[in-house]
Amino acid sequence: DAGVTQSPTHLIKTRGQQVTLRCSPISGHKSVSWYQQVLGQGPQFIFQYYEKEERGRGNFPDRFSARQFPNYSSELNVNALLLGDSALYLCASSPGTAFYGYTFGSGTRLTVV
Amino acid sequence: AQTVTQSQPEMSVQEAETVTLSCTYDTSESDYYLFWYKQPPSRQMILVIRQEAYKQQNATENRFSVNFQKAAKSFSLKISDSQLGDAAMYFCAYRSLANFGNEKLTFGTGTRLTIIP
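First, a word on scope: everything that follows refers to the structure included in this document. Since this is a predicted model, take the numbers as computed values, not measurements.

Cut-offs applied
Residues numbered from 1 in each chain as written. Chains lettered and ligands numbered in written order. Predicted model: local features only at pLDDT ≥ 70, side-chain atom pairs only at ≥ 80, totals over all residues. Heavy atoms only, no water. Helix = DSSP H or I, 4+ residues; strand = E, 2+ residues; numbered from the N terminus. Rg over C-alpha atoms; globule rule 2.2 N^0.38 Å. Buried < 20%, exposed > 50% of the residue type's maximum accessible area, 1.4 Å probe, protein only. Contact = heavy atoms within 4.5 Å. Areas by Shrake-Rupley, 256 points an atom, 1.4 Å probe, with all protein chains shown as cover. Lys, Arg positive; Asp, Glu negative; His and termini not counted. Charge placed at Lys NZ, Arg CZ, Asp CG, Glu CD. Buried area = accessible area lost by both parts, 1.4 Å probe. Salt bridge = Lys/Arg side-chain N within 4 Å of Asp/Glu carboxyl O. Pairing = 2+ DSSP bridges. Axes fitted to C-alpha atoms, helices over the stretch in contact; angles between N-to-C directions. Phe/Tyr/Trp six-rings, centres within 6.5 Å; stacked < 30°, edge-to-face > 60°. Disulfide = S-S within 2.5 Å.

A short note on the overall build of chain A
Turning to step 1, where the next piece is worked out: Of the regular secondary structure elements, chain A holds zero helices and 11 strands.
Turning to step 2, where the next piece is worked out: Written out in order from the N terminus, the α and β elements of chain A read β-β-β-β-β-β-β-β-β-β-β.
Turning to step 3, where the next piece is worked out: The C-alpha radius of gyration of chain A comes to 13 Å, within 12% of the 13 Å expected for a compact globule of 113 residues.
Turning to step 4, where the next piece is worked out: Counting every position in chain A, which comprises 113 residues, the buried fraction comes to 50%.
Turning to step 5, where the next piece is worked out: Pairs at least 24 residues apart make up 52% of the contacts formed inside chain A by residues separated by at least 6 positions.
Turning to step 6, where the next piece is worked out: Within the structure as shown, chain A displays about 5200 Å² of accessible surface, and the carbon and sulfur contribution to it stands at 48%.
Turning to step 7, where the next piece is worked out: The positive charge centre, built from 10 side chains, and the negative charge centre, built from 7, are 6 Å apart in chain A.

Considerations on the interface of chain B and chain A
Turning to step 1, where the next piece is worked out: Taken together, the contact between chain B and chain A spans 21 residues of the former and 27 residues of the latter.
Turning to step 2, where the next piece is worked out: Summed over both partners, the interface of chain B with chain A comes to about 1900 Å²; 50% of that surface belongs to carbon and sulfur atoms.
Turning to step 3, where the next piece is worked out: Area buried by chain B at its contact with chain A is led by Arg43, Glu103 and Phe107 of chain B, which between them contribute 35% of it.
Turning to step 4, where the next piece is worked out: On inspection of chain B and its partner chain A, the count reaches zero salt bridges.

Here we look at the sheet that holds strand S7 (residues 64-68) of chain A
All names here are of chain A.
Turning to step 1, where the next piece is worked out: What the four strands build is an open sheet, ordered S1-S3-S8-S7; its pairing is antiparallel. At either margin of the open sheet sits one strand with a lone partner, and together these are strand S1 (5-7) and S7. Neighbouring strand axes in the sheet, compared pairwise and without regard to direction, differ in orientation by 15 degrees on average.

So, the environment of Pro43 of chain A
Turning to step 1, where the next piece is worked out: Structurally, Pro43 of chain A can be placed in the loop between strand S4 (31-37) and strand S5 (44-50).
Turning to step 2, where the next piece is worked out: For Pro43 of chain A, a relative accessible area of 2% translates into the label buried.
Turning to step 3, where the next piece is worked out: If we skip the residues at most four places from it in the chain, Pro43 of chain A touches Tyr35, Gln36, Gln37 and Leu90 of chain A together with Met45, Phe91 and Phe107 of chain B.

Here we look at the packing of aromatic side chains
Turning to step 1, where the next piece is worked out: Applying the stated criterion across every chain, the model contains 18 aromatic pairs over all chains.
Turning to step 2, where the next piece is worked out: An angle of 70 degrees between the planes, with centres 6.4 Å apart, marks the rings of Phe104 of chain A and Phe107 of chain B as edge-to-face. Placement of Phe104 of chain A in strand S10 (residues 103-104) and of Phe107 of chain B in strand S11 (residues 106-107) is noted, with the two residues assigned to different chains.
Turning to step 3, where the next piece is worked out: Exposure remark for Phe104 of chain A: the relative accessible area of 0% places this residue in the buried category.
Turning to step 4, where the next piece is worked out: An aromatic cluster is present here, built from Tyr35, Phe45, Tyr102 and Phe104 of chain A together with Tyr33, Phe35, Tyr37, Phe91 and Phe107 of chain B joined pairwise through their rings.

As for the state of the cysteines
All names here are of chain A.
Turning to step 1, where the next piece is worked out: All chains considered together, the criterion is met by two disulfides over all chains.
Turning to step 2, where the next piece is worked out: Between the sulfur atoms of Cys23 and its disulfide mate Cys91 the distance is 1.8 Å. One quick way to see it: the torsion about the S-S bond of Cys23 and Cys91 is about -65 degrees, and its sign makes the bridge left-handed. Note that Cys23 is positioned in strand S3 (residues 19-24) and Cys91 in strand S9 (residues 87-94), a separation of 68 residues in sequence.
Turning to step 3, where the next piece is worked out: Overall, the relative accessible area of 0% leaves Cys91 in the buried class.

Observations concerning unusual backbone geometry
Turning to step 1, where the next piece is worked out: Going from Ser7 of chain A to Pro8 of chain A, the amide bond is cis rather than trans, its omega being -10 degrees.
Turning to step 2, where the next piece is worked out: Structurally, Pro8 of chain A can be placed in the loop between S1 and strand S2 (10-13).
Turning to step 3, where the next piece is worked out: Despite not being glycine, Tyr72 of chain A has its phi angle at roughly 75 degrees, a positive value.
Turning to step 4, where the next piece is worked out: Its relative accessible area of 22% is what places Tyr72 of chain A among the partly exposed residues.
Turning to step 5, where the next piece is worked out: You will see that Asp81 of chain B, though not glycine, has its phi angle at about 50 degrees, which is positive.

So, in structure tokens, the structure goes:
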């Protein structure tokens, strides 16, 4: 079975640009969450979606947005990129029922120059 | 808001020996989940072990076990018979059960574990 897949793997953007990151959860998983991991720190929660509804939002500015599609895949959008947005963005999925921990993807490394 | 603290930025252990990684957390809740995740250079976070707060028995998974002290809000990870493949960043994480359906994890800052051959 395929795990959580994220695309692209690496990305370089210029300050002020917009970026879209994509995530496909494990088959059958209805819950998708996004985390930002700055170098040397633990992941920080950005969003969680379950069956296309937002279930949680972390302390991130409105430049960050996300959505979930009927097939449970998800996109994370970041507008007006800042140098500080450079990080590893992790997507995680779970069945959305009894929660025993996420399955994470390998992330998208975003560099803002 | 809950916080998770990992006070050991780096640890090292000889291959085949035992090492313990520390984690403390702050919460006013009585029911929650705790996790240890491993992040090797491949970047993917891998679930190592989980503990439900209402269970007094410490969780074990093969060579990995935890020492869960609820009153002290402590959740340490013991790795026995350390292997070269255990080298990674280890993150402690907390999940509140206060908000139904919210699966937010709060992570600590991590401990980098080095295995010495």
